[in-house]
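# Residue-level structure breakdown
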Amino acid sequence: MKIRVPATSANLGPGFDSCGIALSQYLSIEVLENADEWQITHSLGTDIPSDKTNLLLQTALRLAPNLTPKVLKMTSDIPLARGLGSSSSVIVAGIELANRLGNLNLSQKDKLQIATEIEGHPDNVAPAICGDFVVASYVDGDVHYVKHHFPMCDVIAYVPDVHLLTAESRSVLPDNMPYKEAVKASSIANVMIAAILNGNLPLAGVMMEEDRWHEAYRRKLVPHLDQIRALGQKVGVYGAFLSGAGPTVLILSPEENTSQMVRELEKLPISASINVLSIDQEGIQVF
């Protein structure tokens, strides 16, 4: 059995802690054989545990503590601590591992409820489970969500070679916001979502760059965001936004402008990888 979970990008600018998309990079978990103790083989570095302290097994055994130990193989091309849902993908994979090995018969909504309770918000785990574009809320312990087709475009991921932990990125956010400013922020998010539902990426991109919830406060941690937006306006992309807590920036681009945008990004004096991705429409899959 092999479990595959896509990378995700949360927020899309103003859809803070609510909106997310699934992307074509993946975490894969392969179940190999029975063992006396749980073991995970991987080549992801010494910081990633190979035993029951791994987040994957912590999640799975939380749901099904009596599972028979296995040897697992973990592979991933999702960069760690870059704002592309690396930890969320592991949590979702752990839930599915428990579901399959423990015969839990969890529904999609069950999985999302559990994942959100563990993660604290649904913006990454929802698209990892459902695929495509998901808008979700987590209020008073209840998760509500809507999946919708995301308009066709290229997704350019600009991934700086530095870590930015979510805790650090959240520490710069304010504890409250003036009511009138919150109304403006909400209206921007509403128009962004409506534009996506209508397939209007030019308008959605404009709204993505008008976020009032988090990007202004995180800008000092990701000074390349403004540079990339200036390049995007020059080339003619739809829009650019901070992926999750950063430091990755995603750029939504018409296919015909992608190559030029990549060339412009390569000129930035920052050590980074640049990947052209697509939207994963399926979410988690089991083979």
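Bear in mind the structure is a predicted one, so any value in this text is a computation, not a measurement. (Residues numbered from 1 in each chain as written. Predicted model: local features only at pLDDT ≥ 70, side-chain atom pairs only at ≥ 80, totals over all residues. Heavy atoms only, no water.)

### Considerations on helix α6 (residues 179-197)
Owing to its 3.6 residues per turn, the α-helix brings residues three or four apart onto one side. What counts, and what does not: Numbered from the N terminus, helices here are DSSP runs of H or I no shorter than four residues, and strands are runs of E no shorter than two. Between the first and last residue of a helix there are one fewer steps than residues, each counted as 1.5 Å, and that sum is the expected span. Should any heavy atoms of two residues lie within 4.5 Å, those residues are considered in contact.
With 19 residues, α6 extends 27 Å from end C-alpha to end C-alpha; this agrees with the ideal 27 Å at 1.5 Å per step. For α6, the secondary structure elements touched by its buried residues are β2 (19-34), β5 (133-139) and α7 (201-208). Remark: Gly199 follows α6 within two positions and exhibits a positive phi of approximately 75°.

### Quick look at the state of the cysteines
Filter applied, for reference: Disulfide: a pair of cysteine sulfur atoms within 2.5 Å of each other. Each residue is assigned to one of three classes by its accessible area relative to the maximum for its type, calculated with a 1.4 Å probe on protein chains only: buried under 20%, partly exposed between the two thresholds, exposed over 50%.
Applying the stated criterion across every chain, the model contains zero disulfides. Of all cysteine sulfurs, the one in Cys130 lies closest to Cys19, which takes part in no disulfide; the gap is 13 Å. By relative accessible area, Cys19 is classed as buried at 1%. With relative accessibility at 2%, the residue Cys130 sits in the buried group.

### What about the environment of Met74?
Structurally, Met74 can be placed in strand β4 (residues 70-76). Here Met74 falls in the buried class, since its relative accessible area comes to 3%. Taking C-alpha positions, Met74 is 24 Å from Gly246, a pair spaced 172 residues apart along the chain. The residues contacting Met74, other than those within four sequence positions of it, are Leu27, Ser28, Ile29, Ile40, Thr41, His42, Leu44, Asn54 and Leu56.

### Notes on the packing of α6 against α7
A pair of packed helices can be characterised by two numbers: the angle between their axes and the separation between those axes. Formally: Angles shown run from 0 to 180 degrees and are taken between the N-to-C directions of axes, each axis being a line fitted to C-alpha atoms and, for helices, limited to the stretch in contact. For this classification, under 35 degrees means roughly parallel, over 145 means roughly antiparallel, 65 to 115 means roughly perpendicular, and everything else is oblique. If you view the pair so one helix is near and one far, a crossing is left-handed when the near helix is turned anticlockwise from the far one by less than a right angle, and right-handed when it is turned clockwise. Each residue is assigned to one class: nonpolar for Ala, Val, Leu, Ile, Met, Phe, Trp, Tyr, Cys and Pro, charged for Asp, Glu, Lys and Arg, and polar for all the others, Gly among them.
Running from N to C, α6 and α7 point in directions that differ by 155°, and their axes come no closer than 8 Å. By the angle between their axes, α6 is roughly antiparallel relative to α7. As for how α6 packs across α7, the hand of that crossing is left-handed. Along the contact surface, α6 presents Ile188, Val191, Met192, Ala195 and Ile196, while α7 presents Leu203, Ala204, Met207 and Met208. When the residues that make up the contact of α6 with α7 are grouped by side-chain class, the tally is nine nonpolar, no polar and no charged.

### Some details on the packing of aromatic side chains
Rule in force here: Paired rings are identified among Phe, Tyr and Trp, the last through its six-membered ring, by centres lying within 6.5 Å, and are further divided according to the angle between planes into stacked (under 30 degrees), edge-to-face (over 60) and tilted (the rest).
Enumeration according to the criterion identifies one aromatic pair in this entry. Taken together, a centroid distance of 5.8 Å and an interplanar angle of 65° make the contact between Phe133 and Phe150 edge-to-face. Here Phe133 is found in strand β5, whereas its partner Phe150 is found in the loop between β6 (142-148) and β7 (154-160), with 17 residues between them in sequence. A relative accessible area of 0% means that Phe133 is categorised as buried. A residue is classified by how much of its surface remains accessible, and Phe150, at 1% relative accessible area, is buried.

### Focus: unusual backbone geometry
Of the consecutive residues Gly246 and Pro247, the connecting peptide bond is found in the cis state with omega at 5°. Here Pro247 lies in the loop between β8 (239-242) and β9 (249-253). Of note, Asp17 is a non-glycine position whose phi angle comes to about 60°, a positive value. Considering the arrangement of structural elements, one finds Asp17 in the loop between β1 (2-10) and β2. At Asn105, a residue that is not glycine, the phi angle is positive and equals roughly 55°. Classification of Asn105 by relative accessible area gives exposed; the value is 69%.

### Structural notes on the pairing of β1
Here is the rule: What makes two strands pair is DSSP finding at least two bridges between them.
By the criterion of burial, β1 is predominantly enclosed, with seven of the nine residues buried. Here β1 pairs with strand β11 (residues 285-286) via two bridges, running antiparallel. Across the sheet, residue Ile3 finds its bridge partner in β11, namely Val286.

### Description of the pairing of β9
On a regular strand, one side chain projects to one face of the sheet and the next to the other, so that they alternate. A large share of β9 lies buried, amounting to five of its five residues. Neither face of β9 is open: one carries Val249, Ile251 and Ser253, the other Leu250 and Leu252, and all of them are buried. In the sheet, β7 pairs with β9 via five bridges, with the strands oriented antiparallel. By the bridge assignment, Ala157 is partnered in β9 with Leu250.

### A word on the UniProt feature "binding site: ATP" (unreviewed entry) in the chain
Put simply, the rule reads: UniProt positions are given in the numbering used here, feature names are shortened, and annotations may be inferred rather than shown by experiment.
UniProt marks Pro79, Leu80, Ala81, Arg82, Gly83, Leu84, Gly85, Ser86, Ser87, Ser88 and Ser89 with the feature "binding site: ATP" (unreviewed entry), using the numbering shown here. When you line up the elements, Gly85 lands in the loop between β4 and α2 (86-101). Excluding residues within four positions of it along the chain, Gly85 makes contact with Thr8 and Asn124. Mapped onto the elements of the fold, Ser88 is located in helix α2. Since its relative accessible area comes to 1%, Ser88 is described here as buried. Discounting chain neighbours no more than four positions away, the residues touching Ser88 are Glu119, Asn124 and Val125.

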